[in-house]
Amino acid sequence: MGEESGRYNRGEESRISQWLRRRQKPSADPGAGRESLLLAAAAAGLPLAPAAHPAGYRCSCDRVGCPTPARHPVSFAWQTQSTTDRAQIERWARNQPQANFITATGMVHDVLDVPLDAGRNALERLLNAGIDVGPVAESGAANGQSRMLFFTATRGTPEDEDEWWPCELDCHPETMDEHPGLRWHCRGSYVLVPPAQLPDDRSVDWIRGPEHPLPDPLTLLETLTDACAQYAGEGHEHHPVAWPLGR
C-alpha cells in the first residue's frame, strides 16, 4: 500500500475524503425527493420492494425485539415482489409514505458492503486511479459501525450450480456484526436503497447516485479487500471476508 497507505494511517485527508465527511444529509422532510430517488434507482435497473420503517425507537413490524429494525422487507415474498416497474413503485411510495425500500441483489446487481472508514479509503484510491466506480451509498449503524455500499453489476449464476453459495449463507443482513469486513451481497440477499430512514435519526443515503453505470465487481474487489485488511490492522476486530464461491 506504500506511501498512500501511510498517509491514510496518519489521518491525513485528501480533498475527496474531506468532501465525503462534510457531505450534508438530505432534507429533514423524509418525503422530499423520496419518490424521485426511488424511481431513479428503478430506472437504473435496481429491483425494489417495500421495507419496514422506524416507529419511534422500534421497528414498524409486529415482531417483538426485531433484530434488524427498519432494515428488512415487509413481505416474505420480497424476491418475487421486487420490481423496476414505475407504476408499481409509485403506488407503493404513495400508499406507504413512511416505508423504506430494499433492492434485491443477484438479479441485476450485487453490492460490496464494507466498513465506512475502509470504504472511504477505497473510494478515494479508486477514483484517484481513474477506475469507474458505480453507485455508492452510506448506511448508518446502531453500534457505530457504519457501512459503505458499492453497487456493481452481478456476476450471474455459473453453469455448475454446485459451485454457487447464495449470499445469505455467509452474510445475510442479520449477521452484520459477525462480518465486520467485506460482505458480498448477491443472490438471496438485499440491501436498503436510499433514501431510507433508520432508528436514532440514522439513514441510508447516496454518495454517488444510481446514474453511474454498474461496474464489474472484480474491478473494485482488490482495492476494497486491501482497504478492509488495513482497517482490521488498525485494531478493529476482523473476520474472514464473506463472499460467495463460484465467482
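Residues numbered from 1 in each chain as written. Predicted model: local features only at pLDDT ≥ 70, side-chain atom pairs only at ≥ 80, totals over all residues. Heavy atoms only, no water.

Asks: Summarise the side chain of threonine 103; cite the residues concerned and give the values.
Replies: By the element assignment, threonine 103 lies in strand 4 (residues 100–104). Classification of threonine 103 as buried rests on a relative accessible area of 0%. A polar contact is formed between the side chain of threonine 103 and the backbone oxygen of proline 47, at a distance of 3.0 Å. In contact with threonine 103, other than residues within four places in its own chain, are Leu46, Pro47, Leu48, His109, Phe151, Tyr190, Val191 and Val193. (Helix = DSSP H or I, 4+ residues; strand = E, 2+ residues; numbered from the N terminus. Buried < 20%, exposed > 50% of the residue type's maximum accessible area, 1.4 Å probe, protein only. Polar contact = N/O pair within 3.5 Å; in protein donor to acceptor, adjacent residues only side chain to side chain. Contact = heavy atoms within 4.5 Å.)

Asks: Lay out the sheet that holds strand 5 (residues 109–115) with the relevant residues and their values.
Replies: Ordered in space as 8-5-7-6-11-10, the 6 strands form an open sheet in which the pairing is antiparallel. Edge positions in the open sheet fall to strand 8 (183–185) and strand 10 (196–198), since each of these has one partner strand only. Ignoring strand direction, the axes of neighbouring strands in this sheet form an average angle of 25 degrees. In this structure, strand 6 (residues 136–139) lies alongside strand 11 (residues 202–208), joined through 4 bridges in antiparallel fashion. (Pairing = 2+ DSSP bridges. Axes fitted to C-alpha atoms, helices over the stretch in contact; angles between N-to-C directions.)

Asks: For the nonpolar core, give the residues involved together with the corresponding values.
Replies: Leu48, Phe151 and Val193 are the most contacted members of the largest nonpolar core, which totals 28 residues. At the level of elements, helix 3 (34–43), strand 1 (48–51), helix 5 (86–95), strand 4, strand 7 (147–153), strand 9 (190–193), strand 10 and strand 11 are the ones that each hand at least two residues to this core. Those residues in contact with valine 193, other than ones at most four positions away along the chain, are Leu38, Ala41, Leu46, Leu48, Phe101, Ile102, Thr103 and Trp206. In this structure, Val114, Leu116, Leu123 and Ile207 belong to the second largest nonpolar core, which totals 21 residues. (Core = buried A, V, L, I, M, F, W, Y, C linked by side-chain atoms within 4.5 Å.)

Asks: Summarise the sheet that holds strand 1; cite the residues concerned and give the values.
Replies: The strand order across the open sheet built from 3 strands is 1-4-9, with neighbouring strands paired in antiparallel fashion. One side of each edge strand has no neighbouring strand; the edge strands of this open sheet are strand 1 and strand 9. Averaged over all adjacent pairs, the angle separating strand axes in this sheet is 40 degrees, with direction ignored. Summarising the sheet, strand 1 and strand 4 pair through 4 bridges and their orientation is antiparallel. Pairing of proline 50 across the sheet is with phenylalanine 101, part of strand 4. In the packing of helix 5 onto the sheet, contacts are made with strand 1 and strand 4, and the angle to strand 1 comes to roughly 15 degrees.

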